[in-house]
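Observations on the model geometry
These are the residues of each chain, in order.
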Amino acid sequence: MATMESLIGMVNRIQRACTVLGDYGGDTALPTLWEALPSVAVVGGQSSGKSSVLESIVGRDFLPRGSGIVTRRPLVLQLHKTEPGLQEYAEFLHLPKKKFTDFSIVRKEIQDETDRVTGKSKQISPIPIHLSIYSPNVVNLTLIDLPGLTKVAVEGQPESVVQEIESMVRSYVEKPNSLILAITPANQDLATSDAIKLSREVDPAGDRTFGVLTKLDLMDKGTNALDILEGRAYPLQQPWVGIVNRSQADINKNVDMIAARRREREFFATSPDYGHLASKMGSEYLAKLLSKHLESVIRTRIPGIIALINRSIDELEAELDHLGRPVAIDSGAQLYTILELCRAFDRIFKEHLEGGRPGGDRIYGVFDNQLPSALRKLPFDRHLSLQNVRKVVSEADGYQPHLIAPEQGYRRLIDEALNYFRGPAEASVDAVHFILKELVRRSIGETQELKRFPTLQAEITAAANEALDRFREDSKKTTTRLVDMESSYLTVDFFRKLPQDIDRGGNSIASSVDRYAEGHFRRIGSNVSSYVGMVAETLRNTIPKAVVHCQVKEAKRSLLDHFYTQLGKKEGKQLSQLLDENPMLMERRQQCVKRLELYKSARDEIDSVSWTQ
Ligand SMILES: Nc1nc2c(ncn2[C@@H]2O[C@H](COP(=O)(O)OP(=O)(O)OP(=O)(O)O)[C@@H](O)[C@H]2O)c(=O)[nH]1
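My aim in this report is to walk through the structure given alongside it, one point at a time. Values in this document were obtained by computation on a predicted structure and should not be read as measured data.

Attention now moves to the site of the ligand. Of all residues adjacent to the ligand, which total 20 residues, the nearest are Ser51, Ser52, Arg65, Asn245 and Gln248. Residue Ser48 places a main-chain N or O atom 3.1 Å away from an oxygen atom belonging to the ligand. Interatomic distance of 2.5 Å between a side-chain N/O atom of Ser51 and an oxygen atom of the ligand. If the ligand stood free it would expose 640 Å²; the protein chains cover 91% of that surface. Sorting elements by how many residues they give to the shell around the ligand places helix H2 (residues 50–58) first, with three residues.

Okay, here's the thing in structure tokens:
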């Protein structure tokens, strides 16, 4: 069975871990453990005696005092009972290993640490100060001292401070796992008590409210607080506790806390009104009552806390998987990460080309539809019209008309016709180029892992497109060369196989044909047209080969080769620039990592304490 110390001590350690790792509740963007941890929130109006109660419980003078709002950050006061005779000391979470034995310096450090976060202004902050006190004169107990519920802002405070304090205090007392230590001075009408009003609102059944009446010694003679202390005036599940702290005069005279406790005991023991309640009055009794109750609340709440921790760990791990793990800092690991991301992109790009993903079929469409139809649409009819054939042939003859076959005319007609093929050739190259660019864009977008690295995404896109531009230039040269080769050397066989002009007697008709008649030019046009048709058929097959060889195959084989070469020359800083992430995403991942660390350490803490119901 876990001892009281081990359970409260366990929650103390988890609370400290929460603050170190940035979980002090109220943060809706991340699951919060702080909100679920049982604690005792000390609430009261200004000058209700909160600080005095806390100092009585600790038995030490250590809290800052003064006018206006003194407590401006939650003070998580973790009390650890030590062996009798051991020296008392205090430690701050923000000053680990530094032991304070002079409690007046503790008071100063609380003020300084408050100012460190809120600045010298009178602002408040939800970031807690953790103070642990080790003493034989305390019980194991954690109390959270909150700013006094104030009514009016003092100079230097914005009007909003009243509301801000109310919402900070509320965020603590409305937690179902939080016990409420509601402090009210006895010489004030209970109906006007800020603490009771708030606790009645958040804990109407009074299950977790401990009513404390201070300043019983200041009540008017002849009056007493028995109606409240005996539970008649405002009943709570837990009995009310009356307290007598040091008066301002005592504080000024530096009456020490142990003496003050003794005087408190005497006050109740000798009081005609409260003598019968003496054993259940005073700050020492209050401390034991709170400690026992806190320990039982922790014990009952642990199963729920464990469920919350496990659920939150799952949520955070799922989010981290989605966000991706933090990038390594050494350049070797960074280079490896970059190459892995490039490979991921390249794999997807290849799938688009090879059919695993849509898109590659559009390249085939260029060869099967766009190119043939572009070739069909070439204006050979106009080019080989009768008048153009006559014109070109005549011009090619110059002053000496051709005698047999208009060699020059043929060549010129064919050359000019072949020139038309440049258009469809270049158009095929461009069409495939734009399809490949589109596939690069889609592949980049489909590479999930790259989403984290906008700079690398842009660099890979740029490198891929530069490579495609180079392939396109090469492809254009090659396909144009295909066309040029056709006009560099005409296919002689074609002409050999042309039907000669032969009569039935086997004599050549040529002699009888009028070389300058229409029919002669028509025949020339038709021969050229057949020749060009043959070339078109050839190019219809060879252009795709050139385009695929120069663009598609190269894109598959070496799209990022230049990029890899550049990468090899980059230094660490340049590599990390490539991997710089969306700052929001990095911040979010960092928060998740810290919060996950907190939950895992909390789970270990709970596992380490063999608690049972
Ligand atoms: N006589 C007497 N004086 C008390 C008692 N409790 C508090 N005081 C005096 O009341 C004044 C306010 O006490 P604090 O303990 O500072 O009250 P507080 O709620 O912490 O005040 P702030 O946090 O500064 O708003 C001080 O002068 C105390 O000495 C008490 O039980 N009896």
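That covers the picture; the talk isn't over yet.
Now for a negative patch on the surface. Taken together, the side chains of Glu459, Glu466, Asp469, Glu473 and Asp474 define an acidic patch exposed on the protein surface. Owing to a relative accessible area of 43%, Glu473 belongs among the partly exposed residues under this scheme.

Our focus in this paragraph is the pattern of salt bridges. All chains considered together, the criterion is met by 42 salt bridges. One salt bridge connects Arg170 with Glu166, and the closest N-O pair in it is separated by 2.6 Å. On the criterion of helical spacing, the pair formed by Arg170 and Glu166 is a turn pair, its members being four residues apart in helix H4 (residues 161–173). Because the salt bridges share partners, they merge into one network encompassing Glu55, Asp61, Arg65, Arg107 and Arg246.

Attention now moves to the pairing of strand S1 (residues 39–44). Most of S1 is tucked away: six of the six residues are buried. Relative to strand S7 (residues 178–185), S1 runs parallel, the two being bridged by six bridges. Within S7, the position partnered with Ala41 by the bridge is Ile180. Of the pairings in the sheet, the one linking S1 to strand S6 (residues 141–145) comprises three bridges and is parallel in character. Note on S6: the bridge partner recorded for Val40 is Leu143.

So, on to the sheet that holds S6. Strand order in the open sheet formed by nine strands is S4-S3-S5-S2-S6-S1-S7-S8-S9, and the pairing between neighbours is mixed. The open sheet has two free edges, formed respectively by strand S4 (95–100) and strand S9 (241–242), since each of these has just one partner strand. Those strands touched by H4 are S1, S6 and S7, and its axis lies near 145° from that of S1. Here helix H9 (residues 283–323) sits on the sheet and contacts S1, S6, S7, strand S8 (209–214) and S9; the angle it forms with S6, its principal contact strand, is near 100°.

Turning our eyes to something else, we now look at the side chain of Ser51. Tracing the chain through its elements places Ser51 in helix H2. With a relative accessible area of 16%, Ser51 lands in the buried category. With residues near it in sequence (within four places) discarded, Ser51 still touches Leu63 and Arg65.

The next thing to look at is the packing of helix H14 (residues 407–419) against helix H18 (residues 518–558). H18 packs onto H14 with a crossing angle of 40° between their chain directions and a minimal axis gap of 10 Å. The angle between H14 and H18 falls in the class oblique. In this structure, the crossing between H14 and H18 has a hand that is right-handed. Note on element contacts: H18 touches H14 through Arg523, Ile524, Asn527, Val528, Tyr531, Val532 and Val535, opposite Tyr410, Leu413, Ile414, Ala417 and Leu418. Of the residues assigned to the contact of H14 with H18, the class counts are 10 nonpolar, one polar and one charged.

For the rest of this paragraph, the subject is H4. Compared with an ideal rise of 1.5 Å per residue, which puts 13 residues at 18 Å, H4 spans 18 Å between its outermost C-alpha atoms and is within 8% of the ideal. Listing the buried residues of H4 in full gives Val161, Ile165, Met168, Val169, Arg170, Tyr172 and Val173. Buried residues belonging to H4 abut S1, S6, S7 and helix H5 (194–202).

Turning to the packing of aromatic side chains, a few remarks are in order. One pass over the structure, following the stated rule, counts 14 aromatic pairs. One aromatic cluster is present, formed by Tyr410, Phe494, Phe495 and Tyr531 through successive ring pairs.

Now for the nonpolar core. Of all hydrophobic cores here, the largest spans 104 residues; its most connected members are Leu33, Phe62, Leu131, Leu143, Leu181 and Leu216. It is H9 that contributes the most residues to this core, 15 residues altogether. Apart from the residues within four sequence positions on either side, Leu181 is in contact with Val40, Ala41, Val42, Val43, Leu143, Phe210, Val212, Leu286 and Leu290. In terms of nonpolar packing, the next biggest core, distinct from the first, is built from 67 residues, Cys342, Phe349, Ala417 and Val429 among them.

Definitions and cut-offs
Residues numbered from 1 in each chain as written. Predicted model: local features only at pLDDT ≥ 70, side-chain atom pairs only at ≥ 80, totals over all residues. Heavy atoms only, no water. Near = heavy atom within 4 Å. Polar contact = N/O pair within 3.5 Å; in protein donor to acceptor, adjacent residues only side chain to side chain. Areas by Shrake-Rupley, 256 points an atom, 1.4 Å probe, with all protein chains shown as cover. Helix = DSSP H or I, 4+ residues; strand = E, 2+ residues; numbered from the N terminus. Patch = residues over 30% accessible without salt bridge, like charges linked within 9 Å, V, L, I, M, F, W, Y side chains within 5 Å. Salt bridge = Lys/Arg side-chain N within 4 Å of Asp/Glu carboxyl O. Lys, Arg positive; Asp, Glu negative; His and termini not counted. Charge placed at Lys NZ, Arg CZ, Asp CG, Glu CD. Buried < 20%, exposed > 50% of the residue type's maximum accessible area, 1.4 Å probe, protein only. Pairing = 2+ DSSP bridges. Contact = heavy atoms within 4.5 Å. Axes fitted to C-alpha atoms, helices over the stretch in contact; angles between N-to-C directions. Parallel < 35°, antiparallel > 145°, perpendicular 65-115°, else oblique. Left-handed = near helix turned anticlockwise from the far one by under 90°. Nonpolar A, V, L, I, M, F, W, Y, C, P; charged D, E, K, R; others polar. Expected span 1.5 Å × (residues − 1). Phe/Tyr/Trp six-rings, centres within 6.5 Å; stacked < 30°, edge-to-face > 60°. Core = buried A, V, L, I, M, F, W, Y, C linked by side-chain atoms within 4.5 Å.

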